[in-house]
Each structure stands twice: as structure tokens, then as C-alpha cells.
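Geometric and topological summary
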Amino acid sequence: MKSKQSFIYLLAFVLIVIAVSEFIGIQAVKVGSVKISLLPLVFAILITMILGLSIFRKGFMKKIYSEANVAFSSKYLIFIMLPLMARYGADVAPRIEEILKVGWVFIIQEIGNLGTILLGLPIAILLGLRREAIGSTLGLGREGELAYISEKYTLDSDEGRGVLSLYIIGTLFGTLFFSIIAPIMHASGFSIEALAMASGVGSASMMTGSSSALIATAPDMEQTINSYAAASQLLTSFLGTYTMVFLAVPLQRFMYKLLVRGDK
């Protein structure tokens, strides 16, 4: 009975946060000559993060942030994402010919997924991480990496703790980061098409934050941005698995042995 009541509180809380975030709307912050658009999604994340702090998690809020609600939210997040996946396909279809003309670029950009290993692994080792670095630098810590690490090492292992930590950090801060960095890169001279393609990193929330920020910057190119971002997201979700298994894993294994000699 208590769990059912706390679940109802959770649903009411979610609706209130959504309403407040939408009421705030898109807020533009000017930093020099760069205009950064803060989206309702960013405000929703910030509100839930702040209210989830231990100092606020008391009484009524403690029921909302109960272990059962947190476990439920993380377990069934995929069902919320499914309608978004369907929209990806709808966004891609109208511009499929244009996308196919530059299809090789979408494939080549998958090599960029190796950047988390080439850049992240040495830094993680330098910071003192060992087996945790394997889970936290295999990729952006999205569903593909989470599934691979959990199957190979289990989530109770050091590798599992590494990928889970990155998954949580990416969910909390990734969307905010992408919402800010996308308009900055556009102001620096990068084309809208390139940035829209770069938005599809395998995370629905990060892609939405990035592409929405770009749309706020160039509203006349909304269809192009949505199409390129959605196509890139679909390819990342599909090809990213093969890139991870056949390229990222062997590269990471080689670099780890090179950087941490004798550690198993």
C-alpha cells in the first residue's frame, strides 16, 4: 500500500516538474557573442537533481525519492524512450535521399566513439582508477556499454561500478553539457548539419538536448537538424554495438595492458 502511494506521489511530482519546466520555457543566456539556449529539459533535470539532495529528501520528498521509485524509474525508462525512437524514424523518412547522399559520413563518425578510450582511459588511469576504468571509458556509458559490461563482468564488479557511474553521470549532466556545447560550437563556425550529426551519440536525452539547442539557434533549419540527428542516433545505436565489440574492446584491452602493466 505504501509503495503504491509513493508511486502516485512520483507521478504527480513528474507532472508538476514537467509543467514548471515548460512554464519556464527556453531561456537564452548570452556569453560574449555566443547565445546558449537552456531548454525545459535542462530545467527539469536541474529541479529533480536539486530536490533529490539529502537535505531536501525528507517527509513528502522522501516518499517520492524512495528506493522503490528510483528502481522503477531506472528499470522502465526504456518504455518512455520508445515513442521517441519511433519519432526518429519519422524524422529521417522525409529527408532520406539527402541523408543517403552523405551516408558514408555517418558511418565514418562512428570511429569517433573510440575517443572515450583514446582520451578517457589514460586520464582515468592517471586519476587512480584501474578495473573501474574499463567500464567507465568503453563508451558514453549508454545501454550498449551497460549491457556488454553487465554480461561480461556483472554490475557488481569493478567494471560494472565504472559503467554504472558513467551512466548516472551521463544522465544527470550529459544533457546539460550538450545543450550548452552545441550552440557554442555553432557560433565557432561549425555547420548545423555537422553538429546535428554529432548530436546522435547514442543517448536519447543528450541528442534531444543538443538538437533542441541547435533548433533554438537556427529555427529555420528545424527539419534538417531533426533528420540528421535522428539518422545519426539510429546508426549509433545500431553500428555502435559493432564498433564497440570489434574496435573499442580490443583497443581498450591493448591500451589498458600498456598503461597498467601487471595489473589484472
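As a reminder, the structure under discussion sits directly above these lines.
The following refers to the structure shown. These figures come from a predicted structure and were not determined experimentally. (Residues numbered from 1 in each chain as written. Predicted model: local features only at pLDDT ≥ 70, side-chain atom pairs only at ≥ 80, totals over all residues. Heavy atoms only, no water.)

Some points on the packing of helix H12 (residues 192-199) against helix H13 (residues 204-217)
The axes of two packed helices give the description: the angle between them and the distance between them. Contact geometry of H12 with H13 gives a least axis separation of 8 Å together with a crossing angle of 165 degrees. Taken as axis vectors, H12 and H13 run roughly antiparallel relative to one another. Every pair of crossing elements has a handedness; the one defined by H12 and H13 is left-handed. Taken together, the residues of H13 that come into contact with H12 (itself represented by Ile-192, Leu-195, Ala-196 and Ser-199) are Met-207, Ser-210, Ser-211 and Leu-214. (Axes fitted to C-alpha atoms, helices over the stretch in contact; angles between N-to-C directions. Helix = DSSP H or I, 4+ residues; strand = E, 2+ residues; numbered from the N terminus. Parallel < 35°, antiparallel > 145°, perpendicular 65-115°, else oblique. Left-handed = near helix turned anticlockwise from the far one by under 90°. Contact = heavy atoms within 4.5 Å.)

Concerning the nonpolar core
Judged by nonpolar contacts, the single largest core of 18 residues is most densely connected at Ile-117, Leu-121, Ile-125, Leu-138, Ala-248 and Tyr-256. Where this core is concerned, the elements lending two or more residues are helix H8 (115-126), helix H9 (131-137), helix H10 (143-152), helix H11 (158-187) and helix H14 (222-259). A per-element tally of this core places H14 first, with five residues. When near neighbours in sequence (up to four residues on either side) are disregarded, Ile-117 contacts Pro-122, Thr-137, Leu-138, Ala-248, Leu-251, Gln-252 and Met-255. Core analysis: the next-biggest nonpolar cluster, separate from the first, contains 10 residues, Leu-195, Ala-196, Ile-225 and Tyr-228 among them. (Core = buried A, V, L, I, M, F, W, Y, C linked by side-chain atoms within 4.5 Å. Buried < 20%, exposed > 50% of the residue type's maximum accessible area, 1.4 Å probe, protein only.)

A look at the layout of surface pockets
The volume enclosed by the second largest pocket comes to roughly 810 Å³. Lining the second largest pocket are 33 residues, with Thr-116, Leu-140, Phe-177, Phe-178 and Val-201 positioned closest to its centre. Sorting the residues of the lining of the second largest pocket by element identifies H8, H9, H11, H12 and H13 as the ones contributing at least two each. The greatest single-element share of the lining of the second largest pocket, amounting to 10 residues, is contributed by H11. Of the residues contributing to the lining of the second largest pocket, the split by class is 17 nonpolar, 15 polar and one charged. (1 Å grid on protein atoms, 1.4 Å probe; cavity = no way out; pocket = protein on both sides within 12 Å on 5 of 7 lines; lining within 4 Å. Points joined across faces, edges and corners; volume = space filled by probe spheres on them. Nonpolar A, V, L, I, M, F, W, Y, C, P; charged D, E, K, R; others polar.)

Section: the packing of aromatic side chains
Within the structure shown, the criterion is met by three aromatic pairs. For the ring pair Phe-13 and Tyr-65, a centre distance of 5.9 Å and an interplane angle of 65 degrees mean the geometry is edge-to-face. Separated by 52 residues along the polypeptide, Phe-13 in helix H1 (residues 2-24) and Tyr-65 in the loop between helix H3 (60-64) and helix H4 (67-75) bring together distant segments of the chain. Aromatic pair Phe-177 and Phe-178: ring centres 5.8 Å apart, planes at 80 degrees, arrangement edge-to-face. A cation over a ring is seen here: Lys-152 above Tyr-153, with NZ or CZ 5.7 Å from the ring centre. (Phe/Tyr/Trp six-rings, centres within 6.5 Å; stacked < 30°, edge-to-face > 60°. Lys NZ or Arg CZ within 6 Å of the ring centre and 35° of its normal.)

A look at the environment of Tyr-148
Along the chain, Tyr-148 turns up in helix H10. Separated by 13 residues in sequence, Tyr-148 and Gly-135 have C-alpha atoms that sit 9.4 Å apart.

Examining a nonpolar patch on the surface
A cluster of nonpolar residues, Leu-46, Ile-50, Leu-53, Ile-55 and Phe-56, forms a patch on the protein surface that exposes about 440 Å² of accessible area. Residue position: Ile-55 is located in the loop between helix H2 (40-51) and H3. Residue classification places Ile-55 among the exposed residues on the basis of a relative accessible area of 57%. (Patch = residues over 30% accessible without salt bridge, like charges linked within 9 Å, V, L, I, M, F, W, Y side chains within 5 Å. Areas by Shrake-Rupley, 256 points an atom, 1.4 Å probe, with all protein chains shown as cover. Salt bridge = Lys/Arg side-chain N within 4 Å of Asp/Glu carboxyl O.)

Section: the pattern of salt bridges
Evaluation of the coordinates by the stated rule reveals two salt bridges. As a salt-bridge pair, Glu-159 and Arg-131 come within 2.7 Å of each other at their nearest N and O atoms. With Glu-159 in helix H11 and Arg-131 in helix H9, the pair connects residues that are 28 residues apart, well separated along the chain. For Glu-159, a relative accessible area of 6% gives the class buried. Note that Asp-158 is salt-bridged to Arg-161, the shortest N-O span being 2.5 Å. With Asp-158 and Arg-161 both in helix H11, this residue pair falls three residues apart, about one helical turn. Overall, Asp-158 belongs to the partly exposed group, its relative accessible area being 29%. Given the relative accessible area of 43%, Arg-161 is considered partly exposed.

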